[in-house]
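Here's the letter readout for the chains.
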Amino acid sequence: MNQKTFIAFAFLGLIWGTNFLFMHQASRWISPLQIVFLRVLFGFLPILALACWHRVFRRQHLRHAHHFVVMALLATVIYYWAFASGTSLLLSGISGVLSGAIPLFSFIMAALFLRQEPMQKLQVVGIVLGFAGVLMIARPWAVSADSISLAGVGYMVLGSLSVGASFVYARRFLAPLQLPALTLTSYQIGAALLILALVTPFSGLSAILHSPSASLGLVLGLGLLGTGVAYLIYYFLIQRLGAVTASSVTYIPPVVALVIGVVFAGEAVTATELLSLVLISAGVFLLQRRDL
């Protein structure tokens with residue numbers, strides 16, 4: 001990994017790590033679907049302007065429209081909605097830890113659909129450790145007033161599965177097209193915005209304006225950086241590193257989300273969350289290993 005790729009890798013992890021606090025703040029004012037619509041809208045506008053400036057659109061790209069729609073659903077609409085829904089029911093730090101499971105799903109999807117080498121022993125152990133970490137946070141065996149929301153965990157798992165599948169889909173169907181990252185990002189986010197415009201209820205959307213911090217976090221943190229800039233880096237990393245390696249950028253957001261949750265939101269971190277983070281991270285690390 002050269003210096004340019006390393007910087008992009010680290011910066012994307014940092015951006016995604018801050019997203020959970022911004023989503024959690026916005027969820028106090030508007031619904032998860034409304035959060036996603038505004039996030040995609042403000043992320044798409046600067047990307048569209050940049051794409052028009054560089055004249056990246058071509059008529060022949062329309063033949064690949066079905067791929068752009070699939071990516072819009074997997075890597076934007078379903079992914080963002082599920083994570084916004086999960087974060088609205090959980091602490092932002094816990095949501096961030098659960099997002100670390102993305103490479104687990106990326107690996108499983110890659111093994112199924114990219115015809116990689118047979119799964120090795122350490123990788124099986126990695127999958128077991130990773131999902132053990134998820135179960136430790138979910139604690140489905142615990143029933144009490146202060147127990148973790150199972151629905152929230154379920155939403156985070158759905159989002160992780162969706163974006164994990166998107167890494168594989170992009171590698172298999174979009175990377176061979178050799179289209180610039182700006183072009184791919186514009187089509188994906190644009191298609192997602194159209195889909196969201198059809199399904200988002202707009203009643204009560206202006207409630208987000210009652211909180212300047214939530215509004216700023218949504219527009220700049222989730223929109224401009226978390227959507228527009230993030231997906232430019234996302235496609236760049238997939239083209240440079242491949243699907244599974246690129247998805248390991250999700251090592252970073254769980255740690256960032258935990259730290260930000262404690263420092264800026266005053267969230268409490270227990271030994272359970274820390275152990276879950278260790279298990280998930282260890283599982284993802286083992287998935288990258290090829291030796292027995």
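Residues numbered from 1 in each chain as written. Predicted model: local features only at pLDDT ≥ 70, side-chain atom pairs only at ≥ 80, totals over all residues. Heavy atoms only, no water.

Along the chain, the regular secondary structure elements total twelve helices and zero strands. When the helices and strands of the chain are placed in sequence order, the string is α-α-α-α-α-α-α-α-α-α-α-α. For the chain, the spread of C-alpha atoms along the three principal axes comes to 55 × 55 × 35 Å. A burial count over the chain gives 54% of its 292 residues as buried. Across the chain, contacts joining residues at least 24 apart in sequence account for 89% of those joining residues at least 6 apart. Element-wise, carbon and sulfur atoms account for 70% of the exposed surface of the chain, whose accessible area totals about 13000 Å². If you average the places of the 15 positive and of the 5 negative side-chain charges in the chain, the two averages end up 22 Å apart. (Helix = DSSP H or I, 4+ residues; strand = E, 2+ residues; numbered from the N terminus. Buried < 20%, exposed > 50% of the residue type's maximum accessible area, 1.4 Å probe, protein only. Contact = heavy atoms within 4.5 Å. Areas by Shrake-Rupley, 256 points an atom, 1.4 Å probe, with all protein chains shown as cover. Lys, Arg positive; Asp, Glu negative; His and termini not counted. Charge placed at Lys NZ, Arg CZ, Asp CG, Glu CD.)

When you line up the elements, V255 lands in helix α11 (residues 252–265). In this structure, the C-alpha to C-alpha distance between V255 and R59, residues 196 residues apart in sequence, is 43 Å.

Next up on the list: unusual backbone geometry. With a phi angle near 55°, R55 is a residue other than glycine that sits in the positive phi range. Here R55 shows up in the loop between α2 (32–54) and α3 (65–89). The backbone of Q178 shows a phi angle near 55°, a positive value even though the residue is not glycine. Its location among the elements puts Q178 in the loop between α7 (150–174) and α8 (181–199).

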